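# Fold and geometry: a report
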Amino acid sequence: MSRIGRMPIAIPAGVTVTIAENNKVTVKGPKGTLERVLPAEMDIKLEGSEVIVTRPNDLKKMKSLHGLTRTLINNMVVGVTEGYQKVLEVNGVGYRVQKSGKKITLHLGYSHPVEVEDPEGIESTVDGNKIIIKGIDKEKVGQYAANIRVKRAPEPYKGKGIKYEDEVIRRKVGKTGKK
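In what follows, the accompanying structure is described.

Criteria and cut-off values
Residues numbered from 1 in each chain as written. Predicted model: local features only at pLDDT ≥ 70, side-chain atom pairs only at ≥ 80, totals over all residues. Heavy atoms only, no water. Pairing = 2+ DSSP bridges. Helix = DSSP H or I, 4+ residues; strand = E, 2+ residues; numbered from the N terminus. Axes fitted to C-alpha atoms, helices over the stretch in contact; angles between N-to-C directions. Salt bridge = Lys/Arg side-chain N within 4 Å of Asp/Glu carboxyl O. Buried < 20%, exposed > 50% of the residue type's maximum accessible area, 1.4 Å probe, protein only. Expected span 1.5 Å × (residues − 1). Contact = heavy atoms within 4.5 Å. Core = buried A, V, L, I, M, F, W, Y, C linked by side-chain atoms within 4.5 Å.

## Remarks on the sheet that holds strand E8 (residues 96–100)
One open sheet accounts for three strands, arranged E8-E9-E10; its pairing is antiparallel. Looking at strand neighbours, the two that pair on one side only are E8 and strand E10 (114–117), the edges of this open sheet. For this sheet the average axis-to-axis angle between neighbouring strands, irrespective of direction, equals 20°.

In structure tokens, the structure reads:
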């Protein structure tokens with residue numbers, strides 16, 4: 001059995017999980033509602049205050065879908081209770097970040113400012129050189145953070161660019177002069 005897939009998902013108080021036909025799972029909680037259609041091969045059952053995912057057989061595809069399905073449901077439950085957050089840091093001389101309405105304006109050393117608009121259901125705030133992205137959908141929060149980071153990925157010589165708060169940039173030694 002999949003070690004992750006066989007673990008039951010505990011449903012906290014204030015959260016309701018409904019499973020419709022074709023494995024359409026809807027999770028409602030204090031922060032909002034998420035719904036997702038999961039692989040039809042998986043058997044998703046609601047037993048008391050737990051969700052249990054089982055697989056029909058031991059084919060390689062079913063084994064990999066087992067853990068994935070359980071993790072996706074768990075991410076939805078965590079999202080509607082606690083939410084997800086990613087923090088990006090902008091490092092570099094003259095690199096600036098501004099927030100106005102739903103738009104983030106990035107000055108990243110290009111000849112023009114780069115503007116990024118918050119997608120629906122995601123909230124971002126700017127605190128000095130940090131961009132804080134919050135939302136209930138883990139996938140959307142991560143994708144939006146990645147879209148901002150790619151505007152100027154950190155470079156290995158001076159560490160300039162946009163990096164995740166917990167990311168470690170492997171630094172390289174620069175050029176050395178002639179002796």
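## Overview of the pattern of salt bridges
Under the definition given, this model contains ten salt bridges. Between Glu 139 and Arg 36 there is a salt bridge whose closest N-O contact spans 3.0 Å. Of this pair, Glu 139 sits in helix H2 (residues 138–149) while Arg 36 sits in strand E4 (residues 32–37); the two residues are 103 residues apart in sequence, bridging distant segments of the chain. Arg 36 sits in the partly exposed class, given a relative accessible area of 28%.

## Regarding the pairing of strand E12 (residues 130–135)
Across a regular strand the side chains alternate sides, sitting on one face of the sheet and then on the other. Pairing geometry for strand E7 (residues 84–91) and E12, over six bridges, is antiparallel. Directly across from Glu 89, in E12, lies its bridge partner Lys 130. Pairing of strand E11 (residues 122–127) with E12 involves six bridges; the strand directions are antiparallel. By the bridge assignment for E12, Val 126 is matched with Ile 131. Count of turn residues in the E11/E12 antiparallel hairpin: two residues, of which Gly 128 carries a positive phi of about 70°.

## Observations concerning helix H1 (residues 60–81)
Spanning 22 residues, H1 covers 33 Å between terminal C-alpha atoms, matching the ideal 32 Å at 1.5 Å per step. Phi turns positive one or two residues past the end of H1, at Gly 83, with a value near 85°.

## Quick notes on the sheet that holds E7
Read across the open sheet, the four strands follow the order E11-E12-E7-E13; overall the sheet is antiparallel. Looking at the sheet topology across the chains shown, the edges are occupied by E11 and strand E13 (161–164). Going from strand to strand, the sheet's axes swing by 25° on average, the running direction of each strand aside. Those strands touched by H2 are E7, E11, E12 and E13, and its axis lies near 5° from that of E7.

## Topic: the nonpolar core
Core analysis: the largest hydrophobic core is formed by 20 residues, its most contacted members being Val 17, Val 25, Val 27, Ile 44, Val 51 and Ile 73. Among the elements of the structure, strand E3 (24–29), strand E6 (50–54) and H1 are those that each provide at least two residues to this core. In this structure, Val 17 is in contact with Ile 11, Val 25, Thr 26, Val 27, Leu 46 and Val 51, ignoring residues within four places of it in sequence. With 19 residues, the next largest nonpolar core counts Val 90, Leu 108, Ile 122 and Ile 148 among its residues.

Keep in mind these numbers describe shape, not what the thing actually does.
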